[in-house]
Amino acid sequence: MNKVIEYIRNKIGFQALILWTLVFILAFPHNLWISVKLSFVVAVVTLVSVMTVYYFNQKVLIPRLMLKGRKGTYIFSCIIMLLVMVNLSAHLETTIYYMIIKEPIADIMRDGIPFYEYKDFFSTSKYVALLTMSFALSSIVTFGQKAKETVRQKEELLSERKTLEARVLKSQINSHFVFNALNNIYSMTYFKDEYTSGYVLKLAQMMRYLMEDCETELTPLIKDIEYIENFIDFQKLRFECAKDISFSCRVDENAALSIPPMIFQPLVENCFKHTPLEVDKNSYIHISMEADADKVYFVAENSQPMIKQTTVAKDPGIGIENVKRRLDIYYDDNYKLDISNTPDSFRVQLSITFTNPKDSYERTPACSYC
């Protein structure tokens, strides 16, 4: 018995149970003037008809048609369902009268009107009203639950996004990179390099971006580009001779886009992490970005080492998987990420379409690499 009660509580719900009990109670007294048995059976028919319309709309029509964008088919199906159920229920009720009442139905009078005339009109009118109300109630309840579920999912996504952002941004403050940058600046200062002050400024800009700009949910695209430029410049300092490292960008003057902070940076870092620039003179890193009023196209390609290190392959850091998760959170189906992994090269292409570019910051200025 406890399992039955628990099932009703979880699957049917007390509210629905109360509703259907109320429908039965209201339908039962109507035919008591003729027969208790007749009144009971007609009340059951009424309840079954109302529940059929309610649950068929809630469980079948709305999920399979309305929520999938097939509104025309949904409206047509609802009309057909109501017409069929009204006529079927009214006909079934009349048949039950003939089966239960033994005397000729033409002899039954009510308010001076032959009962069969009264019955046909009343049954049809009753089921039109009841089934229409059942359909309307089903739609209201279902869409109300859908709206509530959507709000709950958005709150969960927001919470997940904040947690993920905190972890991603924290991982970006790479102490190894900072120490190398400071060491390079120290060497430049020791040898009185004329570019020392410029690199001090670059490092300051990068730290400011990490500590301040990354605190916001979105940041202007130009600031992310500037961080990538500075990062690449510091990477170039590691080598005594020039390497095939390039970063090109073209930003349309009408572009005013904002993006999640550091959305491209893991892809840039992967290039330097997995490219044998120190030992292979033919190795390369080519990165490019294009942006217009409502779209960004990013490409990162690097050469592959002839002998791959399994330890590196197993430890991608925040890597592409976290980038995918962030893209899913922010852009849903409005992005495309293609990855090409061959023995000679590794190439990532990312395009993002902005459905509402008006939410971005002021016009993006040109970057120094454009």
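About the thresholds
- The residue numbers shown here count from 1 along each chain, following its written sequence.
- With the structure being a predicted model, the display of local features is reserved for residues of pLDDT at least 70 and the display and counting of side-chain atom pairs for 80 or more, all residues being used for whole-chain, interface and lining totals.
- Side-chain measures here rest on the full set of heavy atoms in the structure, leaving out hydrogens and waters.
- For the purposes of this section, nonpolar cores are sets of buried Ala, Val, Leu, Ile, Met, Phe, Trp, Tyr and Cys residues that join through side-chain atoms within 4.5 Å.
- Here the term buried applies to any residue with accessible area under 20% of the maximum for its type, exposed to any over 50%, and partly exposed to those in between, with areas from a 1.4 Å probe on protein chains only.
- Helix and strand definitions here come from DSSP, where helices need a minimum of 4 consecutive H or I residues and strands a minimum of 2 consecutive E residues; each element is numbered from the N-terminal end.
- Here, residues are in contact when the closest pair of their heavy atoms is within 4.5 Å.
- Convention adopted: a line fitted to C-alpha atoms gives each axis, helices being fitted over their contacting stretch, and angles between N-to-C directions are expressed from 0 to 180 degrees.
- Throughout this description, any angle smaller than 35 degrees is read as roughly parallel, any larger than 145 degrees as roughly antiparallel, any in the 65 to 115 degree range as roughly perpendicular, and the remainder as oblique.
- Here a crossing is taken to be left-handed if its near helix is turned anticlockwise relative to the far helix by less than a right angle, and right-handed if that turn runs clockwise.
- Here the aromatic set is Phe, Tyr and Trp, taking the six-membered ring for Trp, and pairing holds for ring centres within 6.5 Å; pairs whose planes are under 30 degrees apart are stacked, those over 60 apart are edge-to-face, and all others are tilted.
- Any Lys NZ or Arg CZ found within 6 Å of a ring centre and within 35 degrees of that ring's normal is scored as a charge over the ring.
- At least two DSSP bridges between two strands are required for those strands to pair.

A separate point is the nonpolar core. Of all hydrophobic cores here, the largest spans 54 residues; its most connected members are Phe264, Met289, Phe298 and Leu350. In terms of residues, this core owes the most to one element, helix H8 (residues 221-236), which gives 7 residues. Residues contacting Leu350, with those up to four places away along its chain left out, are Phe264, Leu267, Val296, Tyr297, Phe298, Leu327, Tyr335, Lys336 and Leu337. In this structure, Tyr54, Cys78, Met81 and Leu131 belong to the second largest nonpolar core, which totals 26 residues.

This part covers the packing of helix H3 (residues 36-64) against helix H4 (residues 71-100). Direction vectors running N to C along H3 and H4 enclose 165°, while the axes themselves pass 10 Å from each other. With respect to H4, the element H3 is oriented roughly antiparallel. Relative to H4, the crossing made by H3 is right-handed. Residues Lys37, Leu38, Val41, Val42, Val45, Ser49, Thr52, Val53, Phe56, Asn57, Leu61 and Ile62 of H3 pack against Tyr74, Ser77, Cys78, Met81, Leu82, Met85, Ser89, Leu92, Glu93, Ile96, Tyr97 and Ile100 of H4.

Most of helix H9 (residues 265-274) is tucked away: 7 of the 10 residues are buried. Taken as a whole, H9 has its buried residues at Gln265, Pro266, Leu267, Val268, Asn270, Cys271 and Phe272.

With that settled, the discussion passes to unusual backbone geometry. Backbone geometry at Met262 places phi at a positive 65°, although glycine is not the residue there. Although it is not a glycine, Asp332 sits at a positive phi angle of roughly 55°. As for its position among the elements, Asp332 is in the loop between helix H11 (319-331) and strand E8 (335-341).

Considering all chains together, one arrives at 7 aromatic pairs under this definition. On the basis of an interplanar angle of 75° and a centroid distance of 5.4 Å, the ring pair of Tyr199 and Phe234 is categorised as edge-to-face. Of the two residues, Tyr199 is situated in helix H7 (residues 196-211) and Phe234 in helix H8; the sequence distance between them amounts to 35 residues. In this structure Tyr199 comes out as buried when scored by relative accessible area, which is 15%. For the ring pair Phe231 and Phe272, a centre distance of 5.8 Å and an interplane angle of 75° mean the geometry is edge-to-face. Of this pair, Phe231 sits in helix H8 while Phe272 sits in helix H9; the two residues are 41 residues apart in sequence, bridging distant segments of the chain. This pair shows no difference in class: Phe231 is buried, exactly as Phe272 is. Put simply, the rings of Tyr330, Tyr331 and Phe354 touch in pairs and so form one group of aromatic residues. In this arrangement the basic side chain of Lys202 is found over the ring face of Tyr199, its NZ or CZ atom lying 5.9 Å from the centre.

With that out of the way, let us pick up the environment of Lys281. One can find Lys281 in the loop between H9 and strand E6 (284-291). Measuring from C-alpha to C-alpha, the distance between Lys281 and Lys243 comes to 7.6 Å, with 38 residues separating the pair along the chain.

Now for the sheet that holds E6. With mixed pairing, the 5 strands of this open sheet are ordered in space as E4-E6-E7-E9-E8. At either margin of the open sheet sits one strand with a lone partner, and together these are strand E4 (244-251) and E8. Recorded for the sheet is a direction-independent mean angle of 5° between the axes of neighbouring strands. In terms of strand pairing, E8 meets strand E9 (residues 345-353) through 7 bridges, oriented antiparallel. Following the sheet pairing, Asp338 is matched in E9 by Gln349. Across the sheet, H8 is in contact with E4, E6 and strand E7 (295-303); its angle to E4 comes to roughly 165°. On top of the sheet, H9 reaches E4, E6, E7 and E9; it is set at about 10° to E7, its chief contact.

Glancing now at the pairing of E9. Summarising the sheet, E7 and E9 pair through 9 bridges and their orientation is antiparallel. What sits directly across from Glu301, in E9, is Arg347. Counted between consecutive antiparallel strands, the loop separating E8 from E9 contains 3 residues.

Turning next to the packing of H7 against H8. Each pair of packed helices can be summarised by the angle the axes make with each other and by the distance between the axes. Axis separation between H7 and H8 bottoms out at 10 Å; the angle between their running directions is 135°. For the element pair H7 / H8, the angle class is oblique. Taken as a pair, H7 and H8 cross one another with a handedness that is left-handed. Across the interface between the two elements, Tyr199, Lys202, Leu203, Gln205, Met206, Tyr209 and Leu210 from H7 touch Lys223, Asp224, Tyr227, Asn230, Phe231, Asp233 and Phe234 from H8.

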